[in-house]
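Coordinate inspection notes
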Amino acid sequence: MSKTPAYAAPSAKSPLGPSTIERREPRASDVLIEILFCGICHSDIHQVRDEWGRGIFPMVPGHEIVGRVLQLGEAVTGFKLGELAGVGCFVDSCRACEWCRRGFEQFCEKGAAFTYNGTEMDRTTPTYGGYSRRIVVDERYVLRIAAGLDPAATAPLMCAGITTYSPLRQWECKQGDRVGVVGLGGLGHMAVKLASSMGAEVTVLSTSRRKEADARRMGAQSFEITTDDATLDRLAGRFDLLVDTVSTPHDYNRYLAMLRPYGTMVLLGMPPEPAPVAPASLILGNRRLAGSNIGGIAETQQMLDYCADKGIVSDVEVIRIQEVNGAYERMLRGDVRYRFVIDLATLE
Ligand code: NAP
Ligand code: ZN
Ligand code: ZN
């Protein structure tokens with residue numbers, strides 16, 4: 001074991017602060033990564049404040065990790081010393097069940113080992129995330145990053161990128177589709193870039209007037225303010241696909257009404273409270289309400305290669321680790337442009 005500086009929350013009620021964690025010595029198939037950058041996902045806030053329940057404390061959040069390979073186990077074949085590598089939302093899974101074999105490790109029947117706020121597959125060793133200097137991960141769960149991609153702007157692809165890419169592929173987003181993206185934050189801005197790169201006609205549905213110019217620069221054709229009921233009425237029956245990335249409760253029925261017949265609204269945002277859905281919202285128009293959870297390793301690699309090919313990265317505001325609690329407050333106000341990324345060199 002080796003000691004690693006980290007930023008941790010001792011309990012759900014306390015802010016994050018400096019701490020030390022243990023990382024295992026690399027085993028034969030492990031990669032030891034020196035973390036350069038880690039994105040701040042809104043899921044970090046939900047979990048560190050224990051909004052989803054069953055939080056494991058102390059908690060070191062962070063699942064949008066990009067770093068440099070510092071050490072390799074003797075059996076590692078896919079990585080070289082000194083190259084960039086990424087780690088996303090999980091670091092292991094059973095590798096044998098139907099879902100692992102099909103490349104959907106996030107649905108592992110034994111439960112994947114999530115990058116933080118979880119345990120290793122031994123079900124006792126707690127996992128700690130990317131708000132730390134180093135991480136040790138089996139190479140099978142490490143992502144390759146094309147040379148030339150900016151490491152800070154690539155980090156958010158590990159969660160925000162794959163979480164938006166996967167449903168766009170599942171619902172076969174293509175040329176001419178009318179796609180609405182609800183909420184222009186970390187996930188939302190990646191959804192805009194990706195859907196527009198696939199040829200969709202993208203509309204951003206936002207509560208923040210000041211984000212319009214950015215939305216258009218990212219590829220959106222239209223921008224609508226959702227705090228105005230008349231706007232929502234005007235958009236009735238408009239979209240083939242709605243991608244909902246909002247982290248707080250809102251009325252899904254209002255958005256379902258904006259779908260064309262046979263259209264789908266896919267929930268990515270995960271407010272902790274249940275929300276009522278009127279049967280008529282779905283029945284009238286054979287509309288569908290769906291959800292989507294991150295993505296498997298193979299699809300994450302596919303997304304990273306796609307983004308390298310298309311030149312897509314995240315719009316980031318790089319911060320020092322000491323600024324993390326303030327960044328959380330800004331995200332809670334919707335004031336994010338469009339992903340905070342922690343520079344881990346600032347963690348002593
Ligand atoms: P984020 O960067 O904080 O963005 C959320 C956006 O929601 C805000 O920027 C804001 O956009 C919008 N919003 C609408 N009403 C709001 C309100 N009342 N207060 C604050 N914001 C409001 O969050 P994120 O990292 O993209 O994550 C979004 C959600 O997705 C979270 O619930 C997170 O846990 C979840 N998530 C799910 C998955 C998955 O696998 N499904 C993966 C990662 C994250 P506007 O200013 O444009 O309105
Ligand atoms: Zn995330
Ligand atoms: Zn499995």
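Quantities reported herein were computed from a predicted structural model and do not represent experimental measurements.

1. Structural notes on the packing of helix H4 (residues 160–170) against helix H10 (residues 297–310)
At a closest axis distance of 10 Å, the pairing of H4 and H10 adopts a crossing angle of 95°. Put simply, H4 runs roughly perpendicular to H10. Contacts between H4 and H10 involve Gly161, Ile162, Tyr165, Ser166 and Arg169 from the first element and Glu299, Thr300, Gln302, Met303 and Tyr306 from the second. Of the residues belonging to the contact of H4 with H10, the class tally is four nonpolar, four polar and two charged.

2. Things to note about the coordination of the zinc ion (ligand 2)
Listed as protein donors to the zinc ion (ligand 2) are Cys41 (SG), His63 (NE2) and Cys159 (SG); their distances from the metal cover 2.0 to 2.2 Å. If you list the donors of the zinc ion (ligand 2) from N- to C-terminus, the spacing comes out as C-x21-H-x95-C. Of this pair, Cys41 sits in the loop between strand E3 (30–39) and helix H1 (42–48) while Cys159 sits in the loop between helix H3 (151–154) and H4, and the two are 118 residues apart along the sequence. Cys159 carries the same exposure label as Cys41, and that label is buried.

3. Focus on the pairing of strand E11 (residues 201–206)
With five of its six residues buried, E11 lies for the most part within the structure. The handedness of the strand E10 (residues 178–182) to E11 crossover, carried by helix H5 (residues 186–197), is right-handed. Here E11 pairs with strand E12 (residues 222–225) via four bridges, running parallel. Among the inter-strand pairings, Val204 is bridged to a residue of E12, identified as Phe223. In terms of handedness, the path from E11 via helix H6 (residues 212–218) over to E12 forms a crossover that is right-handed.

4. Structural notes on H5
Compared with the 16 Å implied by 1.5 Å per residue over twelve residues, the 17 Å span of H5 between its first and last C-alpha is a close match. Within H5, ten of the twelve residues are buried, which leaves it mostly tucked inside the rest of the structure. Buried residues of H5: Gly186, Leu187, Gly188, His189, Met190, Ala191, Val192, Lys193, Leu194 and Ala195, and no others. Directly after H5, the chain includes Gly199, whose backbone phi takes a positive value near 95°.

5. Quick notes on the coordination of the zinc ion (ligand 3)
Protein-derived ligands of the zinc ion (ligand 3) are Cys94 (SG), Cys97 (SG), Cys100 (SG) and Cys108 (SG), with the metal-ligand distances lying across 2.3 to 2.4 Å. With four donor atoms in place around the zinc ion (ligand 3) and angles of 103 to 120° between them, the coordination shape is tetrahedral. In primary sequence terms, the donor set of the zinc ion (ligand 3) follows C-x2-C-x2-C-x7-C. The pair formed by Cys100 and Cys108 is uniform in burial state, with each residue classed as buried.

6. Overview of the pattern of salt bridges
Pairing of side chains with opposite charge becomes possible as their charged atoms draw close. Enumeration over the complete set of coordinates arrives at 21 salt bridges. Between Asp214 and Arg337 there is a salt bridge whose closest N-O contact spans 3.7 Å. Highlighted residues: Asp214 in helix H6 and Arg337 in the loop between helix H11 (324–332) and strand E17 (339–343), separated in sequence by 123 residues. Across the pair Arg260 and Asp240 runs a salt bridge, and its minimum N-O distance is 2.8 Å. Taken together, the residues span a long stretch of sequence, with Arg260 in strand E14 (residues 259–267) and Asp240 in strand E13 (residues 239–244) at a distance of 20 residues. On the accessibility criterion, Asp240 (26% relative accessible area) is partly exposed. Via salt bridges that share partners, Lys193, Asp214, Arg217, Asp315 and Arg337 belong to a single interconnected network.

7. Re H4
Counted residue by residue, H4 has nine buried out of eleven residues, so it is predominantly covered. Of all the positions in H4, only Ala160, Gly161, Ile162, Thr163, Thr164, Tyr165, Ser166, Pro167 and Leu168 are classed as buried. Turning to H4, the residues buried within the fold contact H5, E13, E14, H10 and E17. Trailing H4 by a residue or two, Glu172 shows a phi angle of about 50°, which is positive.

8. Section: the state of the cysteines
Overall, the coordinates contain zero disulfides when judged by the stated rule. The thiol sulfur of Cys173 is not disulfide-bonded, and the nearest other cysteine sulfur, from Cys307, lies at 13 Å. Judged by its relative accessible area of 7%, Cys173 is buried.

Cut-off values and rules
Residues numbered from 1 in each chain as written. Chains lettered and ligands numbered in written order. Predicted model: local features only at pLDDT ≥ 70, side-chain atom pairs only at ≥ 80, totals over all residues. Heavy atoms only, no water. Axes fitted to C-alpha atoms, helices over the stretch in contact; angles between N-to-C directions. Helix = DSSP H or I, 4+ residues; strand = E, 2+ residues; numbered from the N terminus. Parallel < 35°, antiparallel > 145°, perpendicular 65-115°, else oblique. Contact = heavy atoms within 4.5 Å. Nonpolar A, V, L, I, M, F, W, Y, C, P; charged D, E, K, R; others polar. Donors = N, O, S within 2.8 Å, 3.2 Å for Na, K, Ca; no water. Buried < 20%, exposed > 50% of the residue type's maximum accessible area, 1.4 Å probe, protein only. Right-handed = clockwise from strand over helix to strand, strands pointing away. Pairing = 2+ DSSP bridges. Expected span 1.5 Å × (residues − 1). Tetrahedral: all angles 85-135°; square planar, octahedral: opposite > 155°, others 65-115°. Salt bridge = Lys/Arg side-chain N within 4 Å of Asp/Glu carboxyl O. Disulfide = S-S within 2.5 Å.

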